[in-house]
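Report on the structure
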Amino acid sequence: MAGLTPLDEALALILEDATPVADVEIVPLVGALGRTLAEDVLAAVPVPNDDNSAMDGYALRAEESSMTLKVTQRIPAGSAGEEVAPGTAARIFTGAPVPPGADAVVMQENCTLDGDQIQLTQAVVAGENIRRAGQDLEQGSRVLAAGRRLQAEDLGVLASVGCAELKVYRRLVVGILSTGDELVEPGTAASLAPGQIFNSNRYTLQGLLVSLGFEVKDFGMVPDDPDATRRVLEAAAEASDCVISTGGVSVGEEDHVKNQVQALGSLKLWKLRVKPGKPLAYGRIGSTGFFGLPGNPAAVYVTFSMIVRPWLFACQGTQASPPLALPAQAEFEIKRAGSRLEFLRARVEDSDGALRVQLHDNQSSGVLSSVSWANALVVLPPGQTVACGEAVQVVLLDQLSR
Ligand code: AMP
Ligand code: MG
């Protein structure tokens, strides 16, 4: 198929064209989920801050573990004890700092207590049940690197070193528009006139963008008209870092997106050797990136995830790690090899430790419910057939939405 760009070439081409956003802002830790760090964060304190007990028990000198010891102090979490004198032990609780003099903690289950005297039922060795200062993070070490997209667990780690504010890149603003004379917004009509459909792409795109942490500006529906298309594209490009349209990007005389982008800017890519998603355009309107996605709703999901997402991440100052391709046993067969790289909506299940995968029985790029049904995409290289039971590569959808 001449003229169709393979996915890896297309990705290389668009990624080399992706300029990371330069503006930064300071945000509180509490609102930083999904934001991208603009600088390395170093540990201001060691974690933990001091040697502390991993157990409820007694802190003592390991060399005295065969003796009867007098319990002379009590150290709950949050307070510091005094030196453990020879012949004594300190009652200690999980997380409390190990007092000077003590070099081991014995679990309370391994002691017998008689009044204020303890006797160990088994010996301890020096260092036992002590969590060393800095064992999680050493003071001054790099906690997270610039470019990190913050996950929930990262926020906890940053809190553990006392970080309350972060320098992050400003959120990318993504303008979206839906082309098509046939589109009707849900809620505006009780029923559809012949030929009409409800606009679903708007909602898929909006959801994907929001879940990935981008700011969305919605430019609504655009009729299949060259002037209207150009006006909205221009306004959207003016107000956004990236514009994503759906529909109208093919070669029919009702498809105006490609020509109007060329009138306002330039196209760098058009038509991919990918199924679904052959008609896909990438270009620029001024300094704003532009993606023209196909109209078919399942193709929108696939092309967004495979092509737009990595580009947006790169512009946001982070890297989208390519989704892990896992081997799974096909519970289907494909007898006719295709000429494009195919992404098939599929469902993966764990069957006794092995992954098995079945396909949705309607792979039409218009069938959006197949994406809701799916939890994975089978990635099928061009020219490949599949026999039942053979291993195929799958990518989990969860990996594409975070
Ligand atoms: P197009 O690429 O404009 O030729 O559209 C291809 C198919 O996708 C047509 O069947 C359209 O009706 C459908 N389509 C286009 N835009 C949307 C949308 N926003 N929501 C749902 N379906 C759409
Ligand atoms: Mg259309």
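Just so it is clear, the structure is predicted and the values come from calculations on it, not from any experiment. (Residues numbered from 1 in each chain as written. Chains lettered and ligands numbered in written order. Predicted model: local features only at pLDDT ≥ 70, side-chain atom pairs only at ≥ 80, totals over all residues. Heavy atoms only, no water.)

A look at the pattern of salt bridges
Applying the stated criterion to the full structure yields 15 salt bridges. Of the charged contacts, one joins Arg284 and Asp17 as a salt bridge, the two residues approaching to 3.1 Å between their closest N and O atoms. One end of the pair, Arg284, is in strand E20 (residues 281–285); the other, Asp17, is in the loop between helix H1 (7–15) and strand E1 (24–28), and 267 residues separate them in sequence. Assigned by exposure class, Arg284 and Asp17 land together as buried. The closest approach of N and O atoms between Glu83 and Arg61, which form a salt bridge, is 3.8 Å. With Glu83 in the loop between strand E5 (69–75) and strand E6 (88–92) and Arg61 in the loop between strand E4 (57–60) and E5, the pair connects residues that are 22 residues apart, well separated along the chain. Residue class for Glu83 comes out exposed when judged on its relative accessible area of 53%. (Salt bridge = Lys/Arg side-chain N within 4 Å of Asp/Glu carboxyl O. Helix = DSSP H or I, 4+ residues; strand = E, 2+ residues; numbered from the N terminus. Buried < 20%, exposed > 50% of the residue type's maximum accessible area, 1.4 Å probe, protein only.)

Looking at the nonpolar core
Core analysis: the biggest nonpolar cluster contains 48 residues, and Ile244, Phe291, Leu293, Phe304, Trp311, Leu312 and Phe343 have the highest contact counts within it. Counting residues per element, the ones that place at least two in this core are H1, strand E13 (173–179), helix H3 (201–211), strand E17 (242–246), strand E21 (288–293), helix H6 (297–315), strand E23 (341–351) and strand E25 (376–380). The element best represented in this core is H6, accounting for 13 residues. Here this core gathers at least three residues from each of two domains, domain 1 (7–22 + 171–315) and domain 4 (325–401). With sequence-adjacent residues up to four places away left out, Phe304 is seen in contact with Leu205, Leu208, Leu209, Leu212, Ile244, Leu293, Arg309 and Leu312. Core analysis: the next-biggest nonpolar cluster, separate from the first, contains 17 residues, Leu37, Val47, Leu150 and Leu166 among them. (Core = buried A, V, L, I, M, F, W, Y, C linked by side-chain atoms within 4.5 Å. Domains from an automatic or database assignment. Contact = heavy atoms within 4.5 Å.)

Some details on the sheet that holds strand E8 (residues 111–114)
With mixed pairing, the six strands of this open sheet are ordered in space as E7-E4-E6-E5-E9-E8. Edge positions in the sheet fall to strand E7 (104–107) and E8, since each of these pairs with one other strand and no more. Across the sheet, the mean angle separating the axes of adjacent strands is 40° when strand polarity is ignored. Examined bridge by bridge, E8 and strand E9 (residues 117–120) share four bridges and lie antiparallel to one another. When the bridges of E9 are listed, Cys111 appears paired with Leu120. (Pairing = 2+ DSSP bridges. Axes fitted to C-alpha atoms, helices over the stretch in contact; angles between N-to-C directions.)

Description of the domain arrangement of the protein chain
Taken domain by domain, the protein chain holds domain 1 (7–22 + 171–315), domain 2 (24–47 + 137–169), domain 3 (52–131) and domain 4 (325–401). Listed as interface residues are six residues of domain 1 and, on the opposing side, four residues of domain 2. With both sides pooled, the region where domain 1 packs onto domain 2 buries about 510 Å², and carbon together with sulfur makes up 44% of that total. Of all residues in domain 1, Val21, Ala22 and Arg171 bury the most surface against domain 2, accounting for 69% of the area lost on that side. Applying the counting rule to domain 1 against domain 2 returns zero salt bridges. (Buried area = accessible area lost by both parts, 1.4 Å probe.)

Details of the packing of helix H4 (residues 226–239) against helix H5 (residues 257–264)
Remark: H4 packs on H5, axes separated minimally by 9 Å, with the N-to-C direction vectors making an angle of 55°. One element, H4, and the other, H5, form an angle in the oblique class. Considering only the axes of H4 and H5, their crossing is right-handed. Touching Pro226, Thr229, Arg230, Leu233 and Glu234 of H4 are Val257, Gln260, Val261, Ala263 and Leu264, all from H5. For the contact of H4 with H5, the residue count by class is six nonpolar, two polar and two charged. (Parallel < 35°, antiparallel > 145°, perpendicular 65-115°, else oblique. Left-handed = near helix turned anticlockwise from the far one by under 90°. Nonpolar A, V, L, I, M, F, W, Y, C, P; charged D, E, K, R; others polar.)

Considering the environment of Leu183
As for its placement among the helices and strands, Leu183 is situated in strand E14 (residues 183–184). Leu183 sits in the buried class, given a relative accessible area of 15%. Distance from Leu183 to Phe198, taken between C-alpha atoms, is 5.5 Å for residues 15 residues apart in sequence. In this structure, Leu183 is in contact with Ser178, Ile197, Asn199 and Met221, ignoring residues within four places of it in sequence.

Re the packing of aromatic side chains
Taken as a whole, this structure holds four aromatic pairs when the rule is applied. The interplanar angle of 75° and the centroid separation of 5.3 Å between the aromatic rings of Phe291 and Trp311 together place this pair among those described as edge-to-face. Placement of the pair is Phe291 in strand E21 and Trp311 in helix H6, with a sequence separation of 20 residues. We note that Phe291, like Trp311, is buried. In this structure, Arg91 is placed above the aromatic ring of Tyr58, and the distance from its NZ or CZ to the ring centre is 5.1 Å. Lying over the aromatic face of Trp270, Lys258 brings its terminal NZ or CZ to 4.0 Å of the ring centre. (Phe/Tyr/Trp six-rings, centres within 6.5 Å; stacked < 30°, edge-to-face > 60°. Lys NZ or Arg CZ within 6 Å of the ring centre and 35° of its normal.)

As for the site of ligand 1
The environment of ligand 1 is formed by 14 residues, the closest being Glu182, Asn199, Ser200, Gly248 and Gly295. Take Asn199: an N or O atom from its side chain is 2.7 Å from a nitrogen atom of ligand 1. The backbone of Gly248 places a nitrogen or oxygen atom 2.8 Å from an oxygen atom of ligand 1. Computed on the free molecule, ligand 1 has an accessible area of 490 Å², of which 75% lies beneath the protein chains in the complex. Listed by contribution, the elements that provide at least two residues to the shell around ligand 1 are E13 and strand E15 (197–198). Per-class residue counts for the shell around ligand 1 are four nonpolar, nine polar and one charged. (Near = heavy atom within 4 Å. Polar contact = N/O pair within 3.5 Å; in protein donor to acceptor, adjacent residues only side chain to side chain. Areas by Shrake-Rupley, 256 points an atom, 1.4 Å probe, with all protein chains shown as cover.)

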